[in-house]
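Breakdown of the fold
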Amino acid sequence: MNATDRTPADLLRSALGADPGRPLVTFYDDATGERVELSVATFANWVAKTANLLQGDLAVEPGDRVAVLLPAHWQTAVWLLACASVGAVADVGGNPAAADVVVSGPDTLEAARACRGERVALALRPLGGRFPQVPDGFVDYAVEVPGQGDRFAPFSPVDPGEVALVVGGREFTGGEVVSLAGGSDSASGTGAGARAGAEGSGVGGSGVGARVLSGLGYDTWDGLAVGLYTPLVGGGSVVLCRHLELLSEGALATRVGSERVSVVRR
């Protein structure tokens, strides 16, 4: 993190400039056995392509609301940073009927149909695979994103004072996301956001470059801070585990050792 970082997209740019080859997100799905590791550079490339899809093909503008109906997953992390890059509001678990765009996993397609705007479906298959058949009324993310540009430039500068994220019923500006993930409560002062920031800062307090294993969902600020934003702020990385409850304690201990984890949150 640099002193000039004011939005989540700034955090990613700083990470890319500092060490593009370091691991950023290592994803496990313990229901399928999937493991994916993304370096900062690979993650940033996915973010750029997704932001180009949002801004170009889906005509998303700053302030537009994107309902994110996805679990804790590496592709969800990509979408959150892509929304931040465009200046759109990422509404995690938000009401599709009130959104300009909805992004849905395979388990929430029916709910997502309430969106009257663009609908994007993610199969959440290993290696970002496609749906065998594209769900009716949706575009398949895995089909649309590969052809997008590898570099992204927003049509309008992203304002750190505008709402960037909604999670757990609370709105966060881009500046608050950066501040709270870094452990400062100066952006919001008091309340749930400040308390969440203090909790999230416990990860950063483990040291610069901490490697965090998280089994937390992305439906709370704490889960997002631990599983994405705080590692970005602190120059660390996250081992993001879906369905961690299926893993035995012995297997978890083995993973902690093999992945060189310094902090476990579940």
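First, a word on scope: everything that follows refers to the structure included in this document. (Residues numbered from 1 in each chain as written. Predicted model: local features only at pLDDT ≥ 70, side-chain atom pairs only at ≥ 80, totals over all residues. Heavy atoms only, no water.)

**Overview of the overall build of the protein chain**
Of regular secondary structure, the protein chain possesses nine helices and twelve strands. For 266 residues, the compact-globule formula gives about 18 Å, and the C-alpha radius of gyration of the protein chain, at 17 Å, lands near that figure. When the backbone C-alpha atoms are referred to their principal axes, the protein chain occupies close to 45 × 40 × 35 Å. Of all intrachain contacts in the protein chain linking residues separated by at least 6 positions in sequence, the fraction that spans at least 24 positions is 65%. Element-wise, carbon and sulfur atoms account for 49% of the exposed surface of the protein chain, whose accessible area totals about 11,000 Å². Averaging the coordinates of the 20 positive side-chain charges in the protein chain and doing the same for the 30 negative ones gives two points 4 Å apart. (Helix = DSSP H or I, 4+ residues; strand = E, 2+ residues; numbered from the N terminus. Rg over C-alpha atoms; globule rule 2.2 N^0.38 Å. Contact = heavy atoms within 4.5 Å. Areas by Shrake-Rupley, 256 points an atom, 1.4 Å probe, with all protein chains shown as cover. Lys, Arg positive; Asp, Glu negative; His and termini not counted. Charge placed at Lys NZ, Arg CZ, Asp CG, Glu CD.)

**Details of the pattern of salt bridges**
Counted under the stated rule, the structure contains 14 salt bridges. Across the pair Arg113 and Glu110 runs a salt bridge, and its minimum N-O distance is 3.1 Å. What makes Glu110 exposed here is its relative accessible area of 61%. In this structure, Glu259 engages Arg211 in a salt bridge whose closest nitrogen and oxygen atoms are separated by 2.7 Å. Placement of Glu259 in the loop between α9 (249-258) and β12 (263-265) and of Arg211 in strand β10 (residues 211-214) is noted, with a sequence separation of 48 residues between them. Among the charged side chains, a network of salt bridges with common partners joins Arg35, Glu37, Arg211 and Glu259. (Salt bridge = Lys/Arg side-chain N within 4 Å of Asp/Glu carboxyl O. Buried < 20%, exposed > 50% of the residue type's maximum accessible area, 1.4 Å probe, protein only.)

**Regarding the packing of helix α1 (residues 8-18) against helix α2 (residues 40-57)**
For any two helices packed against each other, the geometry is given by the interaxial angle and the distance between the axes. Axis separation between α1 and α2 bottoms out at 9 Å; the angle between their running directions is 140°. In terms of orientation, α1 and α2 fall into the oblique class. The handedness of the crossing between α1 and α2 comes out as left-handed. On the side of α1, the interface is formed by Leu12, Ala15 and Leu16, while α2 contributes Val40, Ala41, Phe43, Ala44 and Val47. In terms of residue class, the contact of α1 with α2 is built from eight nonpolar, no polar and no charged. (Axes fitted to C-alpha atoms, helices over the stretch in contact; angles between N-to-C directions. Parallel < 35°, antiparallel > 145°, perpendicular 65-115°, else oblique. Left-handed = near helix turned anticlockwise from the far one by under 90°. Nonpolar A, V, L, I, M, F, W, Y, C, P; charged D, E, K, R; others polar.)

**Looking at the sheet that holds strand β2 (residues 34-39)**
Sheet architecture is open: five strands sit in the order β2-β1-β11-β10-β12, paired in mixed fashion. Two strands lie at the open edges of the sheet, namely β2 and β12, each paired on one side alone. The mean inter-strand angle of the sheet, taken between neighbouring strand axes irrespective of direction, is 15°. In the sheet, strand β1 (residues 23-29) pairs with strand β11 (residues 237-242) via five bridges, with the strands oriented parallel. Across the sheet, Val25 pairs through a bridge with Val238, a residue of β11. Sheet strands in contact with α2 are β1 and β2, and its direction is about 95° off that of β2. Of the strands in this sheet, β1, β10, β11 and β12 touch α9, which is tilted by about 155° from β10. (Pairing = 2+ DSSP bridges.)

**A word on the pairing of strand β3 (residues 65-69)**
For β3, a buried count of four out of five residues is recorded, marking the element as mostly surrounded by other parts of the structure. Pairing geometry for β3 and strand β4 (residues 89-92), over four bridges, is parallel. Across the sheet, the residue bridging to Val66 is Ala90, located in β4. On the question of chirality, the crossover connecting β3 to the parallel β4 by way of helix α3 (residues 74-86) is right-handed. In terms of strand pairing, β3 meets strand β5 (residues 101-104) through four bridges, oriented parallel. In the strand pairing of β5, Val66 is matched with Val101. (Right-handed = clockwise from strand over helix to strand, strands pointing away.)

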